[in-house]
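# Reading the structure
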Amino acid sequence: MKIVVCINPTTGAAVDAADAAVRAGSTPVGALRESDTHAVEQALQVAEQVRVADAGAAVEIVAVTLAPVEALGAVREALALGANRAVLCDDTTVRGLDTAALARVLAALLATEPADLYLACTWSGDIDGLLILTAAAEILGLPIATQAGSFELGADRITITRQSERGDQRVTVPLPCVVEVTSTINQVRYPTVKGRAAAQNKPVALVRPAQLGFDPEELSATTRVLALRPPARSRTTETVTDAAAAPGRIIELLRERRLL
Amino acid sequence: MTVLVHVEVADGHPDAEALGVLSAARAAGLEPVAVVVGVDASSSVGPVNRYGPSEIVVVEGAALGGAAALPRALALAEVMREYPGGGRLLAPTTTLTTEVAAVLSARTGAGLAWGLVDVRLDAGEVVVVRSAAGDTVLADIGWTTAWGIGLFRSHAFDPVEVDGGAVLTRVVDAPAGDDRGVETVEIPRGDDDGGERLDQAQIVVAGGRGLRRRDDLDRLRELARLLGGVAGVSLPLVELGWAPRSMQVGQTGTIVAPLLYVACGISGQIQHRVGMERSGTIVAINTDPAAPIMSWCDLAVVGDAVEIVDALIRELSPPS
């Protein structure tokens, strides 16, 4: 079985970049994001399950990312955790693209690594990861199950459960497929010293979008920023630093505003 | 100018958020075509008609029985094909509409704009407004593609009923396309875990990373009960496994707009802010005076959230 883990499928374009920067916070580009560790962990668990069922089974985990070359550090962390090899597609020429256009680049990248299972864990505070993965799966013609909170590997299919606005759902997808997991799905392991040492010798292929079968010049963003402005500020903030007086002031405010 | 609005029907009711988008499109001077989608979509023509669509297209059929995105996207693509010059498709943001938008984008080349809070007509073009970078920037966005899809945040608009005559209604059978072998089964809801009530609540008491123990959530529930509201959490507590996702307030959880929002030990990161900033009165309790939420709430209390919640519970509890 071949499993591809797609690391950090998020946008970098225009206003999306501003959101991405806020969201990344203090996580350096060279570190594996917390959400990505859950995708890697899920791949490791699937690989272990396949080997338990058949000790002779060939299992390969490939970490794939569309990112600046500085993300090599994140890729090495995935390798230290147990991925066998990695592909880093330098996103320099496509960094200005938006969600819909990046989905096409990601689909082309994933197409270079035909697999039984593509796994990803997107940052759950925004929807761009969900948009990009779902669109990429559609371009590849693959079935997809998203926001998996549980994961069960069958003989030729995967069953997940997820929470949605319409209630909980159980989704079954046949292999090959794309599965997006949430960060509550598993407890991640940490790389061992031995794993870190081994990672240094595992192959990392560096590719460029132009090698994925299209001209990056011909791919353009599907949206355009026409104007930027600060939002109107609507609240004036009163600050209470005396913790002893705080409960009284809160109750007073609620009464003033007829909330109590 | 004509725009399509995706109105999803579940359990016989049109999505109120979609009716809000319909109202906003109407108010912006657009001519919104409500594309009402669901296994029993015809039953919602009456209710949808009250929100001023210029036309209603009903998309229904057995293919829409589950909650899968692909058959809906295929059906919407059929409707889009009737507008050979392209156009704009607007929708509220739910898991389902997000997936439908992604599939449609992949199949039709439509551009995707998301995180939207407003729409207007500007020199004959539909312009949408994206709130970005932790809501510190508003960006006017246009599409460069023939078709453009816009996903609006929940609670961006209130549905507004208008007087309207009968509108032309067409019924489209959802094509029974290839579902790629995906089976989606809805799991019956168990005990009410508060998810639905959170969306309707007029008072929300929410906890975040500033809580020390899972049990602290019970203190928040108690305060919520005394105030006549419900308890919620921020994303980190869901990730810690302390609370179900149905209790999560935020961009990917439930977006709320209650009269009162009490944030206990919540820093106010972008994705949480998006989920509650339209609340009437916001009280934030946090040990860190520099936490983002402390600069954009009504009352910022510097202190330990659990201690202050306990003091409020003592004050508000009826004398025994």
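Provided above is the structure to which this section pertains.
Residues numbered from 1 in each chain as written. Chains lettered and ligands numbered in written order. Predicted model: local features only at pLDDT ≥ 70, side-chain atom pairs only at ≥ 80, totals over all residues. Heavy atoms only, no water.

## Brief notes about the interface of chain A and chain B
It is common to give the size of an interface as the accessible area that goes away when the parts come together. Taken together, the contact pairs 76 residues of chain A with 88 residues of chain B. Across the interface of chain A and chain B, roughly 6,800 Å² is buried in total on both sides, 58% from carbon and sulfur atoms. The largest per-residue losses of area from chain A upon contact with chain B belong to Glu138(A), Arg166(A) and Arg235(A), which jointly make up 12% of the total buried on that side. At the junction of chain A with chain B, the criterion picks out six salt bridges. Ionic pairing is found between Glu138(A) and Arg180(B), a salt bridge with its closest N-O pair at 3.0 Å. Counting the contacts that link chain A with chain B gives 33 residue pairs in polar contact (both at pLDDT 80 or more). No other element matches the eight residues that strand S8 (residues 167-174) of chain A contributes to the side of chain A that touches chain B. Residues that form the side of chain A that touches chain B fall into these classes: 33 nonpolar, 22 polar and 21 charged. Sheet analysis places strand S11 (residues 223-229) of chain A next to strand S8 (residues 137-143) of chain B, joined by six bridges and oriented antiparallel. When the sheet's bridge partners are listed, Leu228(A) is paired in S8(B) with Ala139(B). (Contact = heavy atoms within 4.5 Å. Buried area = accessible area lost by both parts, 1.4 Å probe. Salt bridge = Lys/Arg side-chain N within 4 Å of Asp/Glu carboxyl O. Polar contact = N/O pair within 3.5 Å; in protein donor to acceptor, adjacent residues only side chain to side chain. Helix = DSSP H or I, 4+ residues; strand = E, 2+ residues; numbered from the N terminus. Nonpolar A, V, L, I, M, F, W, Y, C, P; charged D, E, K, R; others polar. Pairing = 2+ DSSP bridges.)

## Comments concerning the sheet that holds strand S11 (residues 183-187) of chain B
An order of S6(A)-S7(A)-S8(A)-S11(B) is seen for the four strands of this open sheet, with the pairing classed as antiparallel. The sheet terminates laterally at strand S6 (150-153) of chain A together with S11 of chain B, the two strands that pair on one side only. Across the sheet, the mean angle separating the axes of adjacent strands is 20° when strand polarity is ignored. Pairing analysis gives four bridges linking S6(A) to strand S7 (residues 157-164) of chain A, with the strands arranged antiparallel. The residue bridging Ser150(A) from the neighbouring strand is Thr161(A), located in S7(A). (Axes fitted to C-alpha atoms, helices over the stretch in contact; angles between N-to-C directions.)

## Quick notes on the side chain of Thr122(A)
Residues and elements named next belong to chain A. Its place among the elements puts Thr-122 in the loop between strand S4 (117-120) and helix H5 (128-140). Within the structure, the side chain of Thr-122 is placed 2.5 Å from the side chain of Glu-180, a separation counted as a polar contact. Thr-122 has contacts with Pro-9, Ser-35, Gly-129, Leu-130, Leu-133, Glu-180 and Val-181, leaving out every residue within four places of it along the chain.

## Looking at helix H9 (residues 305-316) of chain B
With 12 residues, H9(B) ought to run about 16 Å at 1.5 Å a step, and its terminal C-alpha atoms sit 16 Å apart, in line with that. The buried fraction of H9(B) is high, at nine of 12 residues. Regarding H9(B), the residues found buried are Ala305(B), Val306(B), Ile308(B), Val309(B), Asp310(B), Ala311(B), Leu312(B), Ile313(B) and Leu316(B). The inward-facing, buried residues of H9(B) contact helix H7 (246-256) of chain A together with helix H6 (216-227), strand S14 (260-264), strand S15 (281-286) and strand S16 (299-302) of chain B. (Expected span 1.5 Å × (residues − 1). Buried < 20%, exposed > 50% of the residue type's maximum accessible area, 1.4 Å probe, protein only.)

## Notes on the pattern of salt bridges
All names here are of chain A. All chains considered together, the criterion is met by 30 salt bridges over all chains. A salt bridge links Arg-157 to Asp-156, with the nearest nitrogen and oxygen atoms 3.3 Å apart. Residue classification places Arg-157 among the partly exposed positions, given a relative accessible area of 30%. One salt bridge connects Glu-256 with Arg-249, and the closest N-O pair in it is separated by 3.1 Å. By sharing partners, the salt bridges in this structure join Lys-2, Glu-60, Arg-85 and Glu-113 into a single network.

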